Amino acid sequence: MTQLHPKRLAQIAQFELVRLFLTKRGLLAVAAFAICWLLILRYPIAQSVTLISSPDFADFARQAFGAIGISKLLDWPESELAVYWLVALFSFPSFCLFLCSDQTVGDRQRGTLRFLSLRATRSEIIIGRFLGQLLILAALLFVTLMATVAMLGYREPSLLLSGLSRSFMLLFYLLVAVMPFIALMSFLNTFARSSRLAFVLAILFFAGGNIVIGLLTWQWPAFKVLNYIFPGYQLDLMAGQRAGVTLALGLPLLQTAVLLVAGERIFARSSL
């Protein structure tokens, strides 16, 4: 990978923020996201105390999820954050596939990618777009987390400080969890012909790849190790707070690095 210029990286990343928050198409996406999360905050998160304190639900959760450790979340005093953690951990990575589907492919279609390559290296373009998408996800995660903490503070002010401390830990883990999904879309954008095709390829990668590896594992169990190529393989263990540091942080960071390097190599040799 060629040498990266921090100023150009910052400018490219900033453009991603402008494209989402200061354009009509971007604002429509933000509005749809806001509506979805208002519903999530209004119902499952707002009712989390009643739901988790219910003996019937507690017994069901321990029986249904005890094997993977999700029942441990029932012991969190900040029940709103427990529900938020489960919803965000599985919804934001999926949301990334849609949100990050147009990183460079749109510029290639419009012919502006060739113009950008005159002012920045291809490595800076792909890494800068990745960082811009990561900043967008960080902003969305932060806003939804603070809304959840505000609901927690309104219900029980004494839990506000502990809720803030736990929320920053959750923010860090969620950002690491979504990084390989953003990198996957960066990789697919290097050869997909449209953002829609990039999204479809991502779905086929997860669906078709899991089927193929499942069949191989059925015949030869050693092939189970191939599951580690899929972003999000560790999410179920992270949900129950059972994943160690290597699996929770090391695996997604390694996946991100591999996908970005592979994408940069393809992008460097592709026609604009």
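Residues numbered from 1 in each chain as written. Predicted model: local features only at pLDDT ≥ 70, side-chain atom pairs only at ≥ 80, totals over all residues. Heavy atoms only, no water.

Engineer: Which residues make up the overall build of the protein chain, and what values go with them?
Structural biologist: In terms of regular secondary structure, the protein chain is built from twelve helices and zero strands. Shown N-terminal to C-terminal, the secondary structure of the protein chain runs as helices and strands in the order α-α-α-α-α-α-α-α-α-α-α-α. Computed over the C-alpha atoms, the radius of gyration of the protein chain is 20 Å, within 12% of the 19 Å expected from 2.2 N^0.38 for a compact globule of 272 residues. Based on the C-alpha atoms only, the size of the protein chain along its principal axes is roughly 60 × 50 × 30 Å. Sorting the 272 residues of the protein chain into buried and exposed places 44% on the buried side. The long-range fraction of contacts in the protein chain, counting pairs at least 24 apart against all pairs at least 6 apart in sequence, stands at 78%. Taken as two groups, the 22 positive and 12 negative side-chain charges of the protein chain have centres that lie 15 Å from each other. (Helix = DSSP H or I, 4+ residues; strand = E, 2+ residues; numbered from the N terminus. Rg over C-alpha atoms; globule rule 2.2 N^0.38 Å. Buried < 20%, exposed > 50% of the residue type's maximum accessible area, 1.4 Å probe, protein only. Contact = heavy atoms within 4.5 Å. Lys, Arg positive; Asp, Glu negative; His and termini not counted. Charge placed at Lys NZ, Arg CZ, Asp CG, Glu CD.)

Engineer: Can you tell me about helix 10 (residues 195–219), naming the residues and giving the values?
Structural biologist: In a regular helix each residue adds 1.5 Å, so 25 residues correspond to 36 Å; helix 10 covers 36 Å between its end C-alpha atoms and thus fits that length. Here helix 10 has its buried residues at Ser-195, Ala-198, Ala-202, Phe-206, Gly-209 and Ile-213. Against the buried residues of helix 10 lie helix 2 (24–45), helix 5 (79–99), helix 6 (105–110) and helix 9 (160–189). (Expected span 1.5 Å × (residues − 1).)

Engineer: Residues and numbers for the environment of Gln-11, please.
Structural biologist: For Gln-11, the position within the fold is in helix 1 (residues 6–21). Exposure remark for Gln-11: the relative accessible area of 46% places this residue in the partly exposed category. C-alpha of Gln-11 to C-alpha of Leu-116: the two residues are 105 residues apart in sequence and 12 Å apart in space.

Engineer: How would you explain the packing of aromatic side chains if you had to name every residue and give the values?
Structural biologist: Scanning the model with the defined rule gives 14 aromatic pairs in all. Geometrically, the ring pair formed by Phe-33 and Phe-92 is edge-to-face, given 5.8 Å between the ring centres and 65° between the ring planes. Of this pair, Phe-33 sits in helix 2 while Phe-92 sits in helix 5; the two residues are 59 residues apart in sequence, bridging distant segments of the chain. Owing to a relative accessible area of 11%, Phe-33 belongs among the buried residues under this scheme. Taking relative accessible area as the criterion, Phe-92 reaches 1% and is therefore assigned buried. An aromatic cluster of at least three residues, connected via ring pairs, comprises Phe-33, Trp-37, Tyr-84, Phe-92 and Phe-95. Here the guanidinium or amino end of Arg-42 rests over the ring plane of Tyr-43, the centre of that ring lying 5.0 Å away. The ring of Phe-267 carries the charged tip of Arg-122 above its face, separated from the ring centre by 6.0 Å. (Phe/Tyr/Trp six-rings, centres within 6.5 Å; stacked < 30°, edge-to-face > 60°. Lys NZ or Arg CZ within 6 Å of the ring centre and 35° of its normal.)

Engineer: Requested: an account of the nonpolar core, with residues and values cited.
Structural biologist: Formed by 66 residues in total, the largest nonpolar core has its most connected members in Trp-37, Tyr-84, Trp-85, Leu-89, Phe-92 and Ile-182. For this core, the secondary-structure elements that each account for two or more residues are helix 1, helix 2, helix 5, helix 8 (122–155), helix 9, helix 10, helix 11 (235–239) and helix 12 (245–269). Here this core takes 14 residues from helix 9, the largest share from any one element. When near neighbours in sequence (up to four residues on either side) are disregarded, Leu-89 contacts Tyr-84, Leu-174, Ala-177, Leu-235, Met-238 and Ala-239. (Core = buried A, V, L, I, M, F, W, Y, C linked by side-chain atoms within 4.5 Å.)

Engineer: I'd like a rundown of the pattern of salt bridges, residues and numbers included.
Structural biologist: Applying the stated criterion to the full structure yields eight salt bridges. A salt bridge links Arg-166 to Glu-78, with the shortest nitrogen-to-oxygen separation between them at 2.9 Å. Of this pair, Arg-166 sits in helix 9 while Glu-78 sits in the loop between helix 4 (55–65) and helix 5; the two residues are 88 residues apart in sequence, bridging distant segments of the chain. For Glu-78, a relative accessible area of 2% corresponds to the buried category. For Arg-265, the salt bridge goes to Glu-264, with nearest N and O atoms at 2.7 Å. What emerges from the salt-bridge pattern is a single network uniting Glu-16, Arg-19, Asp-107, Arg-110 and Arg-129. (Salt bridge = Lys/Arg side-chain N within 4 Å of Asp/Glu carboxyl O.)

Engineer: I'd like to hear about a nonpolar patch on the surface, residue by residue, with values.
Structural biologist: On the surface, a nonpolar cluster with roughly 510 Å² of combined accessible area is contributed by Phe-98, Leu-197, Phe-199, Val-200, Ile-203 and Leu-204. Residue contributions to the nonpolar patch peak at five residues, all from helix 10. Assignment of secondary structure puts Phe-98 in helix 5. Among the residues examined, Phe-98 registers a relative accessible area of 52% and is labelled exposed. (Patch = residues over 30% accessible without salt bridge, like charges linked within 9 Å, V, L, I, M, F, W, Y side chains within 5 Å. Areas by Shrake-Rupley, 256 points an atom, 1.4 Å probe, with all protein chains shown as cover.)

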